[in-house]
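The residues making up each chain are set out below.
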Amino acid sequence: MRGHVGTRAWLAVAIVGVCLLAISSAARAEPPTLDWARSIQSTNSVRCQDLAVDAAGGVYAVGVFTGTVDFDPGPGSHELIGSGSSLSGFAAITGGKAFVLKLDAEGAFEWVRVVDCGRGSSVGQSIALAPDGGVIAVGGFSGRAVITDDDQEVELLSEQGLYHAGDTFAVKFSAEGRIEWASMLGGVLNKSPTGLAVDAKGNSVIVGTFRETPSYGHRPDALGLRGEGTYLARLNGRGERVWEQGFERSFGHERPVVTLDDAGDIYLALAFEDSVSIGAGAQQRTYHAEGGHDTLVAKLNTDGALVWSRHVAGEYNESIRVLEFGGDSLHALGTVAGERPFPPDHPTQRFAPGGMERFSTRYLARWGRDGELESYVLIDRDGDEEAETSPANPLHILPGPRGTRFWSGSISRTVVLEPDEETNYARKRRVGHRAIGQMTADGDPLWVHAFLSPDGWGGPLALDEQGALHFVSNFREPVEFGEEWGGIRFEHAGGPFSSQDFFVARITLPTALPAEKTPEQAE
């Protein structure tokens, strides 16, 4: 095993009335600067699920909305109405509509497209750039979906009729918002997409979960799948299905994720309980969970054949929530629970806190193309309870230059409450703040920006060809960017019982990174 194994206690520094945190570290970069930030607001709720940026700096967002939303963040207005009243987690409860929004390189409105299911619902889940300058989006819908642009209308109808609970849609738009193709993945199973990746030839790979539909007599689908699990499908550049495969009993507590390398090979991570099998014939591998649920990480070629697979286990639970390929390596962000040590010679790659007194923790792992584990870093999310500021708690990662990683998520700050009148005891509690940052390959922080807001998490990240970093975050409570970033403040436009809005921002990154560690410093 190359690389190192270690534990990092991140960012034990204080927020003293500012948002940009000073990093007490030998590896420190100049702080980034904010170029612009735009807020998309609703009378009820609008949630962004994913983000992509094209070569010209145009920003694409995909998600779901209810109520009335003004998709123009500038002085103009472009209002659309989504029926229904609330959103929960990653899906619309009733009447939500999926959207694909494009802003230009300065954050100005260009166009928005909607997947309308009438009295049903739809939710946009993932988005990725196509090599010809277009964009492909995937999501879930119920019954009948109608997608329109300025000149045409495309209808997708569930194979099981108007009242089928859920199918997957995939749609490609040109940079100008014209529909180039639309297709669906359906059948007797409910299929909800959770991830999308597009290769250099325009082929799409979609991953998601499936569930059996009791109202259809527990019939297997065309692949013979039953119950619940994960599906993986490949579409060609015209949106036509090339192949699809499924993994039963692999629907754990985390959504399956997928990414591609520059050759178009597929990397998949899925959580499973009990057991899961992957591959066919002599290449088939079956793994049995050692904890409550474990993770399978696998590489498949463009035909869907298994190249290698790895079983990642914790003492209790283990899951991977982000998978990205960059710098000739596969990067993963996961969560592990338990205190079982990590044995490098064990065929199962166990990640564990290694004696830290907590139930679960995040980790960052990196594999080579050949499946060899190159490094992993454990992240103590809580740190010292007496420290004013906690370590970082990343929820998204993105490979950066020279092995660095960008991340978004949260940090928490200790707040002293008013003393109790009877005991005069001043209680403390943690207040979460959304945050973004950049770290070295070893997990050392380069810079961090925390937002002065009482709730929230950093969302998806994307880099443009000029090296600027774009990020998105959903919010309920007011968000303050801090004086270093212009004192911008966004407030949720809905009433007290509505859900959330989101903002998109672009920042210019430091022009130079700290010098790499010498072998003696890395020891």
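It should be noted that the structure appears before, not after, this text.
A brief structural summary.

Rules used in this analysis
- In every chain, residue numbers begin from 1 and rise along the written sequence.
- Where local features are concerned, this predicted model is filtered to residues with pLDDT of at least 70; where side-chain atom pairs are given and counted, the filter is 80 or more; whole-chain, interface and lining totals use all residues.
- Only heavy atoms go into the side-chain values, all of them from the structure, while hydrogens and water stay out.
- Where helices and strands are cited, they refer to DSSP runs of H or I of at least four residues and of E of at least two residues respectively, numbered from the N terminus.
- Note on exposure labels: buried denotes an accessible area under 20% of the residue type's maximum, exposed denotes more than 50%, and partly exposed covers the range between, all computed with a 1.4 Å probe on protein chains only.
- Whether two residues are in contact is decided by their heavy atoms, any of which lying within 4.5 Å being enough.
- For two strands to pair, DSSP has to find at least two bridges joining them.
- Take a side-chain nitrogen of Lys or Arg and a carboxyl oxygen of Asp or Glu: if they are within 4 Å of each other, that pair is a salt bridge.
- N or O atoms closer than or at 3.5 Å make up a polar contact, with two conditions inside protein: a donor-capable atom paired with an acceptor-capable one, and, for residues adjacent in sequence, both atoms drawn from side chains.
- Axes here refer to lines fitted to C-alpha atoms; in helices the fit is confined to the stretch in contact. Angles between the N-to-C directions go from 0 to 180 degrees.

## A look at the overall build of the protein
Okay, step 1: Counting secondary structure elements, the protein contains one helix and 40 strands.
Okay, step 2: Per-residue burial over the protein gives 58% buried out of 523 residues.
Okay, step 3: Pairs at least 24 apart in sequence give 58% of the contacts found in the protein among residues at least 6 apart.

## Focus on unusual backbone geometry
Okay, step 1: Even without being a glycine, Asp 328 presents a positive backbone phi close to 70°.
Okay, step 2: Considering the arrangement of structural elements, one finds Asp 328 in the loop between β27 (318-326) and β28 (329-337).
Okay, step 3: Its identity as a non-glycine residue notwithstanding, Arg 402 has a phi of 55°, on the positive side.

## Digging into the pairing of strand β15 (residues 167-173)
Okay, step 1: Taking burial as the measure, the seven residues of β15 include seven buried ones, the bulk of the element.
Okay, step 2: Burial along β15 is two-sided: the face carrying Asp 167, Phe 169, Val 171 and Phe 173 and the face carrying Thr 168, Ala 170 and Lys 172 are both buried.
Okay, step 3: Relative to β15, strand β12 (residues 135-141) runs antiparallel, the two being bridged by seven bridges. Note that in β15 the partner of Ala 137 across the bridge is Val 171.
Okay, step 4: In the sheet, β15 pairs with strand β16 (residues 179-185) via six bridges, with the strands oriented antiparallel.

## Points about the pattern of salt bridges
Between side chains of opposite charge, a pair can form when the charged atoms approach closely.
Okay, step 1: All chains considered together, the criterion is met by 21 salt bridges.
Okay, step 2: Here Lys 97 ties to Asp 116 by a salt bridge, and the two come within 3.6 Å at their closest N and O atoms. Of this pair, Lys 97 sits in strand β9 (residues 97-103) while Asp 116 sits in strand β10 (residues 109-116), placing them 19 residues apart in sequence.
Okay, step 3: Overall, the relative accessible area of 12% leaves Lys 97 in the buried class.
Okay, step 4: In this structure, Lys 172 and Asp 132 form a salt bridge, with 2.7 Å as the shortest nitrogen-oxygen distance. Here the residue Lys 172 occupies a position in strand β15, and Asp 132 occupies one in the loop between β11 (122-129) and β12, the gap between them amounting to 40 residues.
Okay, step 5: Taking the relative accessible area as the measure of exposure, Lys 172 reaches 7% and is therefore buried.
Okay, step 6: Overall, Asp 132 belongs to the exposed group, its relative accessible area being 52%.

## A few points about the environment of Gly 291
Okay, step 1: Mapped onto the fold, Gly 291 is located in the loop between β24 (285-288) and β25 (294-300).
Okay, step 2: When its relative accessible area of 21% is taken as the criterion, Gly 291 is described as partly exposed.
Okay, step 3: Once the C-alpha coordinates of Gly 291 and Phe 272 are considered, the two residues, 19 residues apart in sequence, prove to be 9.9 Å apart.

## Digging into the side chain of Lys 172
Okay, step 1: A distance of 2.7 Å separates polar atoms of two side chains, one belonging to Lys 172 and the other to Asp 132.
Okay, step 2: Setting aside residues no more than four positions away along its own chain, Lys 172 makes contact with Ala 130, Asp 132, Val 135, Ile 136, Arg 178, Ile 179, Glu 180 and Trp 181.

## Observations concerning the sheet that holds strand β17 (residues 190-198)
Okay, step 1: Within the open sheet, the four strands sit side by side as β17-β18-β19-β20. Their pairing is antiparallel. Every other strand in the sheet has two partners, leaving β17 and β20 (241-248) as the edge strands with one partner each. Taking the axes of each pair of neighbouring strands and ignoring which way they run, one obtains an average angle of 20° across the sheet.
Okay, step 2: Bridge analysis of strand β18 (residues 204-211) against strand β19 (residues 228-235) gives eight bridges, and the strand direction is antiparallel. Across the sheet, Val 207 pairs through a bridge with Leu 232, a residue of β19.

Interpretation note: all reported values are geometric properties and have no functional meaning in isolation.
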